[in-house]
Amino acid sequence: MTTLSPGILAALEKQAIELPSWAFGNSGTRFRVFPTPGTPRDVFEKVADAAEVNRLTGLSPSVALHIPWDLVDDFGALRRHAEDLGVRLGTINSNTFQDEDYKFGALTHHDERIRRKAIEHHLACIDVMDATGSRDLKIWLAEGSNYPGQNDMRDRQDRLNDSLRQIYAHLGDDQRLVLEYKFFEPSFYHTDVPDWGTSYVQVASLGDKAVVCLDTGHHAPGTNIEFIVMQLLRLGKLGSFDFNSRFYADDDLIVGAADPFQLFRILVEVVRGGGLNNPDVAFMLDQCHNIEAKIPGQIRSVLNVQEMTARALLLDRDALAAAQRENDVLTANAVFMDAFSTDVRPALAEWRQSRGLPADPMGAYAASDYQTRIAADRVGGTQAGWGA
Ligand code: AOS
Ligand code: ZN
Ligand code: ZN
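Residues numbered from 1 in each chain as written. Chains lettered and ligands numbered in written order. Predicted model: local features only at pLDDT ≥ 70, side-chain atom pairs only at ≥ 80, totals over all residues.

### Some words on the overall build of the protein chain
Helices and strands together make up the secondary structure of the protein chain, namely 14 helices and 10 strands. In terms of its C-alpha atoms, the protein chain occupies a principal-axis envelope of roughly 65 × 60 × 40 Å. A total of 388 residues make up the protein chain; the buried ones form 43% of that total. Sequence-distant contacts in the protein chain: of pairs separated by 6 or more residues, those separated by 24 or more amount to 78%. (Helix = DSSP H or I, 4+ residues; strand = E, 2+ residues; numbered from the N terminus. Buried ≥ 20, exposed ≤ 12 C-beta atoms within 10 Å, placed from the backbone. Contact = placed C-beta atoms within 7 Å.)

### Considerations on the site of ligand 1
Around ligand 1, a shell composed of Trp 22, His 66, Asn 93, Trp 140, Glu 180, Lys 182, Asp 215, Asp 242, Asp 250 and Asp 286 is seen. Partitioning the shell around ligand 1 into residue classes produces 2 nonpolar, 2 polar and 6 charged. (Near = placed C-beta within 6 Å. Nonpolar A, V, L, I, M, F, W, Y, C, P; charged D, E, K, R; others polar.)

### Observations regarding the environment of Asn 146
Turning to its location among the elements, Asn 146 is positioned in the loop between β5 (144–145) and α5 (153–168). Given 11 C-beta atoms within 10 Å, Asn 146 falls into the exposed group. If we skip the residues at most four places from it in the chain, Asn 146 touches Ser 187, Phe 188 and Tyr 189.

### So, the pairing of strand β9 (residues 238–243)
Here β9 lies mainly inside the structure; 6 of its 6 residues are buried. Taken together, the 4 bridges between strand β8 (residues 210–215) and β9 define a ladder with parallel strand orientation. Each residue of the ladder has a partner; that of Val 212, found in β9, is Leu 238. Pairing of β9 with strand β10 (residues 282–285), which is carried by 4 bridges, proceeds in the parallel orientation. (Pairing = 2+ DSSP bridges.)

### Quick word on unusual backbone geometry
Between Ile 67 and the following residue, Pro 68, the backbone shows a cis peptide bond with an omega angle of 20°. Relative to the elements of secondary structure, Pro 68 occurs in the loop between β2 (62–66) and α3 (75–84). For the peptide bond that leads from Glu 185 to Pro 186, omega is 10°, which places it in the cis range. In this model, Asn 327 sits at a positive phi of 55°, which is unusual for a non-glycine residue. Take Asn 327: it is sitting in the loop between α10 (317–325) and α11 (329–340). Residue classification places Asn 327 among the exposed positions, given that 8 C-beta atoms sit within 10 Å.

### Comments concerning the nonpolar core
One finds Val 47, Val 63, Leu 177, Leu 179, Val 212 and Leu 214 to be the most contacted residues of the largest nonpolar core, which totals 90 residues. A total of 9 residues in this core trace back to one element, the largest contributor, which is helix α9 (residues 294–314). When sequence neighbours within four positions are dropped, the list of residues in contact with Val 47 reads Val 63, Leu 78, His 81, Ala 82, Leu 85 and Val 87. (Core = buried A, V, L, I, M, F, W, Y, C linked by C-beta atoms within 7 Å.)

### Observations regarding the sheet that holds strand β3 (residues 88–93)
Reading across the sheet, the 8 strands line up as β1-β2-β3-β4-β6-β8-β9-β10 and stay open at both edges, with parallel pairing between neighbours. Of all strands in the sheet, those with a lone pairing partner are β1 (19–20) and β10, marking the two edges. Packed onto the sheet, α3 meets β2 and β3 and runs at close to 130° relative to β3. The strands that helix α7 (residues 225–234) touches are β8 and β9; relative to β8, the one it contacts most, it runs at about 165°. (Axes fitted to C-alpha atoms, helices over the stretch in contact; angles between N-to-C directions.)

Okay, here's the thing in structure tokens:
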């Protein structure tokens, strides 16, 4: 059995992966959303489910919220609820994609009333962050156009910059603005923040408290994502990951499911660039469980990240550097593939057990009565879902 060195275990022990509250609600495609028994009716129940993932894995000490989906009157009470369950409230995600007013843009809109409204929404999110103790305001914008000529793309960049500046000015000393990019959808011709370069240009102009969010599902097929990870780490601007995986578009499937090797390559660059367990680089999931059970879906996800992190940490960097210096292409590649091909699951299971965690968190959840209990308890009300 492969053993993991004390240094590797120490790095793994510090790993923290933030769960998205919306992963516990129902989600689907535009064709159908399938409800499931036990789905949370409110954010208190979402946080309880997230805490269950953390209890079984020790990997997910915080939960990201989405405003207004998770809006409550008393965020202090939600914060205490989370802390009682051993987790804390994390990143606050803004939402400018579900309001009639934002049909043609929000932070980029030429109508000053609408742009003001979108800016105010972000200031309200900062108020929420003050109450929840959250550090990060994550902004993903569904803005763009569908037809050439529809909009002046350059004016929109200028207005976006002005809007972001106004939001940035309201951040507390320990708070950050994290700008996520996505190459298309819901717009199909142009998107106002389509790529890491645009996000970087925008946040770099704001200041040190503005950084980039890299969602692994937001690139064109074939994009070398680990190169972007390397570059953003090199520039000190990689603020967070939204981990998930994709086959075609923004599929939001379980991280590491579609392409485990890509996840490995990304984590190799994270380790190489000092991004692992670095408080400036937040590891988050951005996933939806349309057909699979949600809590085990999240357990599987954090375990996948842990497993690939262990493999990335196993990479023999001295041997790799030596082969690279010699231009020994095949040895360098073999060293790289050796780490990827190592089965670390038995060693991780043993290590988990030594820390009082279940060796097999998936099995432990299946054997527990949590799912039966929530299915029995959570009757009445409206199940939470993506978009509510
Ligand atoms: C949308 O595609 C993005 O990935 C965002 O991170 C979004 O806020 C998240 O999916 C929740 O809706
Ligand atoms: Zn995302
Ligand atoms: Zn997305």
